[in-house]
Amino acid sequence: MSHLPDATSSETAGAALVLVPVGSIEQHGPHLPLDTDTTIAVAVARAVAAELPGTWVAPPLSYGSSGEHQSFAGTASIGTDALTHVAVELARSLRTWADRVVFVNAHGGNLTALRASDEIEWVPCATEDVDLHAGFTETSLMLHLRPASVRLDRAEVGNTRPLREILPAMMAGGVGAVSPNGVLGDPAGASAAEGERVLEAMVADVVGRLG
Ligand SMILES: [Zn+2]
């Protein structure tokens, strides 16, 4: 009952909380689908809503700010300014009938946009802190959430150096400059069980942040 598009208008009046998942459509290496971040953000938001009565989950913002992945085919980015604008307008609209609107973000590239306005309240799904991109963590999450979408036979190790070491080259030349296959991390050993564990940890973290 928490899926906003299924609700009628009168059911949503005076809602306590609306969660808006925010993801991306961007390359996730040779083995994960373009909508990996969006899939993770939706899963976290739905699980959080299940624990917080009176919470609605809005349709996700599937497009994010993914300029650093633009040299890879499949990437579809709207950029930081457009994402900020969309989030602010959406929050203003939703707040006319809901007490609180929180964006649930699963893509590090969206952070500049989400931090750009006081009108945007957001929480992270800390996947991209664990390992950076299309590695062990995201592969495990997708094996848990949508296993048929994972091309495990095509999984390859990427650049495994820590973010602080590769950030300057990545800022200058994008992900392609530091990782020809688009992976930052190593999907080896990823499993659905690990994905389930990580998802539970992220959900508990978000529930805690929402207070
Ligand atoms: Zn991702």
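Everything here concerns the structure above.
All figures in this text were calculated on a predicted structure; none of them were measured in a lab. (Residues numbered from 1 in each chain as written. Predicted model: local features only at pLDDT ≥ 70, side-chain atom pairs only at ≥ 80, totals over all residues. Heavy atoms only, no water.)

Student: Break down the sheet that holds strand E4 (residues 122-124) for me, citing the residues and quoting the values.
Tutor: Strand order across the open sheet formed by 4 strands is E2-E1-E3-E4, with parallel pairing between neighbours. Pairing within the sheet leaves two strands with one partner each, and these edge strands are strand E2 (55-57) and E4. Between one strand axis and the next, the sheet turns by 25° as a mean value, whatever way the strands run. As paired strands, strand E1 (residues 15-22) and strand E3 (residues 98-105) are joined by 7 bridges and run parallel to one another. (Pairing = 2+ DSSP bridges. Helix = DSSP H or I, 4+ residues; strand = E, 2+ residues; numbered from the N terminus. Axes fitted to C-alpha atoms, helices over the stretch in contact; angles between N-to-C directions.)

Student: Describe the pairing of E3, naming the residues involved and giving the relevant values.
Tutor: The element E3 is extensively covered by neighbouring structure, given that 6 of its 8 residues are classed as buried. Where E3 meets E4, 3 bridges bridge the pair, whose relative direction is parallel. Paired with Phe103 across the strands is Trp122, a residue of E4. (Buried < 20%, exposed > 50% of the residue type's maximum accessible area, 1.4 Å probe, protein only.)

Student: Quick one: what's the story with the nonpolar core, residue by residue and with numbers?
Tutor: Residues Leu19, Val44, Val48, Val104, Leu199, Met202 and Leu210 are the most contacted members of the largest nonpolar core, which totals 22 residues. Of all the secondary structure elements, the ones that give two or more residues to this core are E1, helix H2 (36-51), E3 and helix H9 (192-210). By residue number, the principal contributor to this core is H2, which donates 7 residues. With sequence-adjacent residues up to four places away left out, Val48 is seen in contact with Leu19, Val203, Val206, Val207 and Leu210. Formed by 20 residues, the second largest nonpolar core is a distinct cluster that contains Ala7, Leu83, Ala91 and Phe103. (Core = buried A, V, L, I, M, F, W, Y, C linked by side-chain atoms within 4.5 Å. Contact = heavy atoms within 4.5 Å.)

Student: How would you explain unusual backbone geometry if you had to name every residue and give the values?
Tutor: In this structure, Ala134 takes a positive phi of about 60° despite not being glycine. Relative to the elements of secondary structure, Ala134 occurs in the loop between helix H5 (127-130) and helix H6 (136-145). For Ala134, a relative accessible area of 0% gives the class buried.

Student: Give a description of the environment of His133 that names residues and reports values.
Tutor: Along the polypeptide, His133 turns up in the loop between H5 and H6. According to the relative accessible area criterion, His133 is buried, its value standing at 3%.

Student: Describe the pattern of salt bridges, with residues and values.
Tutor: Tallying each qualifying case throughout the model produces 7 salt bridges. Here Glu119 makes a salt bridge to Arg92, at a shortest N to O gap of 2.7 Å. With Glu119 in the loop between helix H4 (111-114) and E4 and Arg92 in helix H3 (residues 79-94), this pair connects stretches of sequence that are 27 residues apart. The exposure class assigned to Arg92 is partly exposed, which follows from its relative accessible area of 41%. Notably, a salt bridge pairs Arg100 with Glu121, separated by 2.6 Å at the nearest N-O pair. Residue Arg100 is located in strand E3, and its partner Glu121 is located in the loop between H4 and E4; the two are separated by 21 residues in the primary sequence. The exposure class of Glu121 is partly exposed, given its relative accessible area of 29%. One salt-bridge network, in which partners are shared between bridges, spans Glu89, Arg92 and Glu119. (Salt bridge = Lys/Arg side-chain N within 4 Å of Asp/Glu carboxyl O.)

Student: Can you explain the side chain of Glu26? Please cite residues and give values.
Tutor: By the secondary structure assignment, Glu26 is in the loop between E1 and H2. The side chain of Glu26 sits in the buried core without any salt bridge; Arg146 is the nearest counter-charge, 14 Å away. Within the structure, Glu26 has its side chain in polar contact with the side chain of His107 (distance 3.1 Å). (Lys, Arg positive; Asp, Glu negative; His and termini not counted. Polar contact = N/O pair within 3.5 Å; in protein donor to acceptor, adjacent residues only side chain to side chain.)

Student: How would you sum up the environment of Leu19? Please name residues and give values.
Tutor: Here Leu19 lies in strand E1. For Leu19, a relative accessible area of 0% puts it in the buried group. Leu19 sits 67 residues away from Val86 along the chain, and the two C-alpha atoms are 15 Å apart. Ignoring any residue separated from it by four or fewer positions in sequence, one finds Leu19 in contact with Ala45, Val48, Ala49, Thr55, Trp56, Val57, Ala58, Val102, Val104 and Leu210.

Student: Any details on the packing of H2 against H6? Residues and values, ideally.
Tutor: As a packed pair, H2 and H6 sit with axes 10 Å apart at the nearest point and diverge in direction by 65°. Relative to H6, the crossing made by H2 is left-handed. Side by side, H2 and H6 meet where Thr36, Asp37, Thr39, Ile40 and Ala43 of the first sit next to Glu138, Leu141, Met142 and Leu145 of the second. Considering only residue class, the contact of H2 with H6 consists of 5 nonpolar, 2 polar and 2 charged. (Left-handed = near helix turned anticlockwise from the far one by under 90°. Nonpolar A, V, L, I, M, F, W, Y, C, P; charged D, E, K, R; others polar.)

By themselves these figures say nothing about function.
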